[in-house]
Amino acid sequence: MSFTVPANLEAEIDKLITHYPVKRAASLMVLHAIQEHFGWISQEAVEWTAKKLELQPINVYELVTFYPMLRQQPMGKYQIKVCRTLSCALGGAYELHKHFCEKLGLDAHAHGPQTTKDGKFTVEFVECLASCGTAPVMMVNDDFHEAVSHAKADEIVGRCK
Amino acid sequence: MPSEYRLILKYADEPGYTPDIECYLRHGGYDALKKALALQPKDLPDGAKRSGPEQIRQEVMASGLRGRGGAGFSCGLKWSFVDRKSGKPIYLICNADESEPGTFKDRQIIHKDPHQLIEGMIISCFANDVHLAYIYIRGEMPDGARLLNRALQEARAKNFLGKDILGNGYDLEMHVHRGAGAYICGEETGLIESLEGKRPYPRIKPPYFPAVLGLWMCPTIVNNVETLCNVKHIVAMGGTEFAKLGTPNNTGTRIVSLSGHVKKPGCYEIEVGRATIGQLIFDANFGGGLRDGRKLKAVIPGGSSAKVFKAGEKFKIKDKEVDMLDLPYDFDSLIQAGSMSGSSAIIVMDDSTDIVGALANIAEFYAHESCGQCTPCREGSLWMSKALHRLTHGEGRAQDADYLVKIADNIPGGRTICAFGEACAWPVQSFVAKFKDEFVDKGAADEERRAKKSKGAGPGMEMKLAASQQH
C-alpha cells in the first residue's frame, strides 16, 4: 500500500516545521496533522514523518507508542472518550461509560478503546479532561460535552450520523 | 462572609465578553503591554542604569507572585535564575498542559480570555529578552489550541507580536504546541523534552535546570497560564500594589477549581488566604455546601496528588489548634497542615463516598501516567493500583493497608528523577493513614467471604500435597 500525503497537508506540515529552529521539535504537531487527515498513524506514516524531519523511524515510532492520543490502528468514525478520573468518577463517569458500552454493544469491563463492528463508534475511558466542575465530561472526536446525563448521552449518540 | 475577588477572571464570565481581540481591546487590553514597552531606563543612585525589562523583573519580584501551576515557587526568583550571560537565546514556554486531576482553571482563561494570557506572555518575554516563545497546550483541548492560534494571528495583525513590536524595536514570535494526552508533560523538564519532539521523560536536576539548560540546552522559563496572566496585572498595577492583595507571602489572587460533592462546583477566584477551605465549600458565594442530607467525609485540597484531609481533622498551626475547615486557603497554611494547595484544586467527598474506591481511582491515574523512566515510580505506581484494584473487586486482604503504605513509602524522597514519585505516593500514604479502618475492614471482609465460599480454604487451611502414606 502506498502512502501519499496530499499537497495541501504537506504544505501545512512544512509550515509547522518552520515554527521550530530544530526540525525534530515539530514531530508531535506533524503527527497530529497526519492523524487528523488519515485517522491514525500507520507504519508508512511513521516512516514518512521520520524522513520529513530527517530522523530515524524509531524517533517517531517511540512517540506513537508513548502518547495515548496517537493511534496505531484505525478507530471508529466517532471516538467517544469518557473522563474516568476522580471528580468525574464521583459524578457518575463509570455509569456513563457503562451506559455507552451497553448501548453500543461493547464490553464495559474491557481495557482500552473498543470499536463497534460497523466501525462507527469507538468508546474508551481517558484520564482527566480538565473540566472537573461539570462532571461527568466526555469528548466525541474534538467536541467537548459537559455534565453528561444518560439522556444527554443518548442524544449525543443520536446526532452521530 | 468573604466573596470572590476577580482579577484574572474579571471579564471572563460577563455576558457578551468574547475571546476576540476587539473585545479585549475595549476592556483595556494590551494597555499593560504598551506601558511595559514604554518604560524608560531608570538612573540608579550608584550611576548605573536599570533598563525597562529589568524594572519589570523587579516589579514581579516585589509582587511576591508565586507559581500557580503547583509548586508555588516564587516567579521573580525563577526569572532571576535565568542564565543571561551564556550568549544563547532565552526561551519562554507557557505550561498550558493543565492535567492535575481536579484542576480546570487554565481552561477558563484559554477559552474565555486568551488575549490576557498572550499579553502576559509578551510582557514576560520582553522582561526576559525572549524572542521565541511557545504555548504548550494539552492535546485534549483542540478548541483551546484553535482559539489561541486565532488570538496569536489577531495579535500579529495588530503588531503586538512579530517584528519591531509597536515600534519599540523588540521582536517576538510565539507558537502553539499541542501535547498528546500525557500527564507527565506538565512536569517542566518533561514538557521541554516533549516540545523537542521526544518522549516526555523528565530530566535530572542538577544539571538540567531549565533556567540554564532548558529547551535545546538554552536558558528557558516555564510558567503556568495563570502565573503569566498575573504578570500583566503586576505591570498594570505595580508590584507593591499587587502584593497588597492576599496575605503576606501569599500575595495576589488564585483561581480555585472546586469539584466533587458540592452544590455549586466551579472556578472561584479569591484573594490568596482570604477564604478558608470551609468557606469555599459551604458559603453561598462559593460551593454552597454539600448535597442535601450529606455530611463531609474528606477533602483533597490541591489536586489529586495533594495529601487528603479528613473531615474533623485538627492541626497545630502557630500553637493554635485549627480545624481542617478553618485553614486559610493559601500556600503556606496548607503546607503547615501537611498537604499543599498545589494547583488550587479542591475535590470534595461526602459520606456516600467509598474512600477505598476513590483511592483506587487516583492510583489508576498515576499508574497510567507514570512515564516509566524510574523503577520505583513505574513499578510502585502499578503495584499500588493493582493492590487497590484487588481491594475494590472482592479480592482484598486485611494486610493490604500496610502493604500499600510500604510500597508508597519506598517511592518518594529522591528515589525518582521528578516529583511524580511524590505525587503518586502522597495520596496512598495519606488516604491509608487517615482512613485505615476502611481499608483493613474491606480486606478482612473479603478474606472472610472467600474463606466461607471455599469452605475453609485460607491461611489456616491444612495443606495436602500428596496422597497420605497410609492407604
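Residues numbered from 1 in each chain as written. Chains lettered and ligands numbered in written order. Predicted model: local features only at pLDDT ≥ 70, side-chain atom pairs only at ≥ 80, totals over all residues. Heavy atoms only, no water.

Q: For this particular structure, what's the right way to read the overall build of chain B?
A: Looking only at helices and strands, chain B features 17 helices and 15 strands. The C-alpha atoms of chain B give 25 Å as radius of gyration, which agrees with the globular expectation for 471 residues (23 Å, within 12%). Seen through its C-alpha atoms, chain B measures out along the principal axes to roughly 105 × 50 × 45 Å. Across the 471 residues of chain B, 57% fall into the buried class. Long-range pairs, those at least 24 residues apart, make up 69% of the contacts in chain B with a sequence separation of at least 6. Put simply, chain B shows about 19,000 Å² of open surface, and 53% of that area lies on carbon and sulfur atoms. (Helix = DSSP H or I, 4+ residues; strand = E, 2+ residues; numbered from the N terminus. Rg over C-alpha atoms; globule rule 2.2 N^0.38 Å. Buried < 20%, exposed > 50% of the residue type's maximum accessible area, 1.4 Å probe, protein only. Contact = heavy atoms within 4.5 Å. Areas by Shrake-Rupley, 256 points an atom, 1.4 Å probe, with all protein chains shown as cover.)

Q: Can you walk me through the packing of aromatic side chains in this structure?
A: Given two aromatic rings, one states the distance between the centres and the angle between the planes to describe the pair. Applying the stated criterion across every chain, the model contains 22 aromatic pairs over all chains. Ring centres 5.3 Å apart and planes at 5 degrees place the aromatic pair Y20 of chain A and Y134 of chain B in the stacked group. Here Y134 of chain B lies in strand β4 (residues 130-137) and Y20 of chain A lies in the loop between α1 (7-17) and α2 (27-38), a pairing that spans two chains. Each member of the pair, Y20 of chain A as well as Y134 of chain B, carries the same accessibility label: buried. Between F365 of chain B and Y366 of chain B, the ring centres sit 5.0 Å apart and the planes meet at 90 degrees, which makes this aromatic pair edge-to-face. Aromatic ring contacts, followed pair by pair, group Y20 of chain A together with Y91, Y134 and W216 of chain B into a single cluster. (Phe/Tyr/Trp six-rings, centres within 6.5 Å; stacked < 30°, edge-to-face > 60°.)

Q: I would appreciate a short explanation of the sheet that holds strand β12 (residues 309-310) of chain B in the present structure.
A: Sheets are built from strands paired through backbone hydrogen bonds, the pairs being either parallel or antiparallel. Residues and elements named next belong to chain B. The five strands lie next to each other as β10-β9-β15-β11-β12, forming an open sheet whose pairing is mixed. Single-partner strands in this sheet number two, and they are β10 (266-271) and β12. Both strand β9 (residues 253-260) and β10 contribute to a ladder of six bridges, which runs antiparallel. Bridged to S257 within β10 is C267. (Pairing = 2+ DSSP bridges.)

Q: How should unusual backbone geometry be read in this particular structure?
A: A negative phi holds for most residues other than glycine; trans holds for most peptide bonds. All names here are of chain B. For the bond from K205 to P206, the omega torsion is -10 degrees, close enough to zero to count as cis. For the peptide bond that leads from P206 to P207, omega is 5 degrees, which places it in the cis range. In this structure, P207 sits in the loop between α8 (188-195) and β6 (220-224). Positive phi values are uncommon outside glycine, yet K318 reaches one of about 50 degrees. Mapped onto the elements of the fold, K318 is located in the loop between β13 (314-317) and β14 (320-323).

Q: Explain helix α17 (residues 436-453) of chain B to me, please; I cannot follow it from the model alone.
A: All names here are of chain B. The terminal C-alpha atoms of α17, which comprises 18 residues, lie 26 Å apart, in line with the 26 Å expected from a rise of 1.5 Å per residue. F439, G443 and D446 are the residues of α17 that are buried. For α17, the arc enclosing every buried residue in end-on projection is 60 degrees, short of the 170-degree limit, so these residues lie on one face. Residues D437, D441 and K452 are exposed on α17 and point more than 90 degrees away from its buried face. The elements touched by buried residues of α17 are α13 (355-369), α14 (375-392), α15 (400-409) and α16 (420-434). (Expected span 1.5 Å × (residues − 1). Arc of directions from axis to C-beta.)

Q: Explain the layout of surface pockets to me, please; I cannot follow it from the model alone.
A: If you roll a probe as big as a water molecule over the atoms, it shows you where there is empty space left. Residue and element names in this part refer to chain B. Of the volumes computed, that of the second largest pocket is approximately 1,300 Å³. As for the second largest pocket, its lining consists of 45 residues, and the residues nearest its centre are G70, A71, G186, E187 and E188. Listed by contribution, the elements that provide at least two residues to the lining of the second largest pocket are α4 (75-80), α5 (105-112), β6 and α16. Ranked by the residues each element gives to the lining of the second largest pocket, the list is headed by β6, at five residues. Taken together, the residues that form the lining of the second largest pocket break down as 18 nonpolar, 16 polar and 11 charged. (1 Å grid on protein atoms, 1.4 Å probe; cavity = no way out; pocket = protein on both sides within 12 Å on 5 of 7 lines; lining within 4 Å. Points joined across faces, edges and corners; volume = space filled by probe spheres on them. Nonpolar A, V, L, I, M, F, W, Y, C, P; charged D, E, K, R; others polar.)

Q: It is not clear to me how the packing of helix α6 (residues 93-103) of chain A against helix α7 (residues 150-159) of chain A should be interpreted in this structure. Could you clarify?
A: For any two helices packed against each other, one specifies the crossing angle of their axes together with the interaxial distance. All names here are of chain A. Look at α6 against α7: their axes get within 10 Å of each other, and the N-to-C directions meet at 40 degrees. With respect to α7, the element α6 is oriented oblique. Relative to α7, the crossing made by α6 is right-handed. Residues E95, L96, H99, F100 and K103 of α6 form the contact with α7, whose own contacting residues are H150, A153, D154 and V157. (Axes fitted to C-alpha atoms, helices over the stretch in contact; angles between N-to-C directions. Parallel < 35°, antiparallel > 145°, perpendicular 65-115°, else oblique. Left-handed = near helix turned anticlockwise from the far one by under 90°.)

Q: What should I look at first to understand the side chain of R178 of chain B in this one?
A: Tracing the chain through its elements places R178 of chain B in strand β5 (residues 173-178). A polar atom in the side chain of R178 of chain B sits 3.3 Å from the side chain of E36 of chain A. For R178 of chain B, the residues in contact, after removing those within four places along its chain, are L28, M29, H32, E36 and M69 of chain A together with I137, G139, P142 and A145 of chain B. (Polar contact = N/O pair within 3.5 Å; in protein donor to acceptor, adjacent residues only side chain to side chain.)

Q: Even after reading the chapter, I still don't get the domain arrangement of chain A, so can you show me in this structure?
A: The parts lose accessible area when they come together, and the size of an interface is often stated as this lost area. Taken domain by domain, chain A holds domain 1 (7-64) and domain 2 (78-159). On a C-alpha basis, the centroid separation for the pair domain 1 of chain A and domain 2 of chain A is 29 Å. (Domains from an automatic or database assignment.)

Q: What's the story with the sheet that holds strand β3 (residues 90-96) of chain B in this structure? I'm lost.
A: All names here are of chain B. Here four strands make up an open sheet; going across it, the order is β5-β4-β3-β6 and the pairing parallel. The sheet terminates laterally at β5 and β6, the two strands that pair on one side only. Across the sheet, the mean angle from the axis of one strand to that of its neighbour is 20 degrees, orientation sign disregarded. Note that β4 and β5 share six bridges and pair parallel. What sits directly across from A133, in β5, is M174.

Q: I would appreciate a short explanation of the environment of K34 of chain B in the present structure.
A: All names here are of chain B. Here K34 is to be found in helix α2 (residues 31-37). Residue class for K34 comes out partly exposed when judged on its relative accessible area of 39%. In this structure, the C-alpha to C-alpha distance between K34 and F160, residues 126 residues apart in sequence, is 9.1 Å. Excluding its chain neighbours within four sequence positions, the residues that come into contact with K34 are F160 and L166.

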